[in-house]
Amino acid sequence: MARECYICKKGAISGNQISHSTKHTKRVWKPNLKTVKANINGTPKRITVCTRCLRSGKVERAI
């Protein structure tokens, strides 16, 4: 399973880490993902969602 948001498809992005001496090395920024139980098409399902989607109300949590 890829580490990406079920709702907005936000995933890891890569770039360069730049040190004080401007030496460049590759690094990865990962999204803040949480595993929640949500209602998907009326049935509860466990999905991985970013915190931005949780906070904005794009996910209907199941009890």
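Look a little higher up for the structure.
So, a few notes on the structure that sits alongside this text. Quantities reported herein were computed from a predicted structural model and do not represent experimental measurements. Sequence positions are assigned chain by chain, starting from 1 and proceeding in written order. Since the coordinates come from a predicted model, pLDDT governs what is reported: local features require at least 70, and pairs of side-chain atoms require 80 or more to be given and counted, while whole-chain, interface and lining totals use all residues. For the side-chain quantities, the full set of heavy atoms in the structure was used; hydrogens and water were omitted.

**Focus: the environment of Leu 33**
The line we're drawing: Secondary structure elements are defined from DSSP: runs of H or I of at least 4 residues count as helices, runs of E of at least 2 residues count as strands, and each element is numbered from the N terminus.
By the secondary structure assignment, Leu 33 is in strand S3 (residues 33–40). As for Leu 33 and Glu 4, which are separated by 29 residues in sequence, their C-alpha atoms are 7.6 Å apart.

**Topic: the pairing of strand S1 (residues 13–18)**
Quick reminder of the rule: We treat two strands as partners when DSSP finds at least two bridges between them.
By the bridge criterion, 6 bridges tie S1 to strand S2 (residues 24–29) in an arrangement that is antiparallel. Within S2, the residue paired with Asn 16 across the bridge is Lys 26. Following S1, the chain reverses through 5 residues before pairing antiparallel with S2; Thr 22 in that reversal takes a positive phi of roughly 60°.

**Structural notes on a positive patch on the surface**
Applied cut-off: In this analysis, a patch consists of residues with relative accessible area above 30% that form no salt bridge, clustered at 9 Å for like charges and at 5 Å for the nonpolar side chains Val, Leu, Ile, Met, Phe, Trp and Tyr. Computed with a 1.4 Å probe, the accessible areas rest on the Shrake-Rupley method; for each residue, only the protein chains presented here act as cover. Salt bridge criterion: a side-chain nitrogen from Lys or Arg within 4 Å of a carboxyl oxygen from Asp or Glu. We count Lys and Arg on the positive side and Asp and Glu on the negative side, and we leave His and both chain ends out. Note that the charge is assigned to NZ on lysines, CZ on arginines, CG on aspartates and CD on glutamates. With a 1.4 Å probe rolled over the protein chains alone, any residue whose accessible area is under 20% of its type maximum counts as buried; one over 50% counts as exposed, and the rest are partly exposed.
A contiguous patch of positive charge, built from Lys 10, Arg 52, Arg 55 and Lys 58, is present on the exposed surface. When you line up the elements, Arg 52 lands in helix H1 (residues 51–56). Here Arg 52 falls in the exposed class, since its relative accessible area comes to 52%.

**Topic: the state of the cysteines**
Basically, it comes down to this: Throughout, disulfides are identified as pairs of cysteine sulfur atoms within 2.5 Å of each other.
This structure, assessed with the given rule, holds 0 disulfides. Cysteine Cys 50 shares no disulfide, and the gap to the nearest cysteine sulfur, in Cys 53, comes to 3.5 Å. Residue Cys 50 is classed as buried on the basis of its relative accessible area, which comes to 2%. A relative accessible area of 2% means that Cys 53 is categorised as buried.

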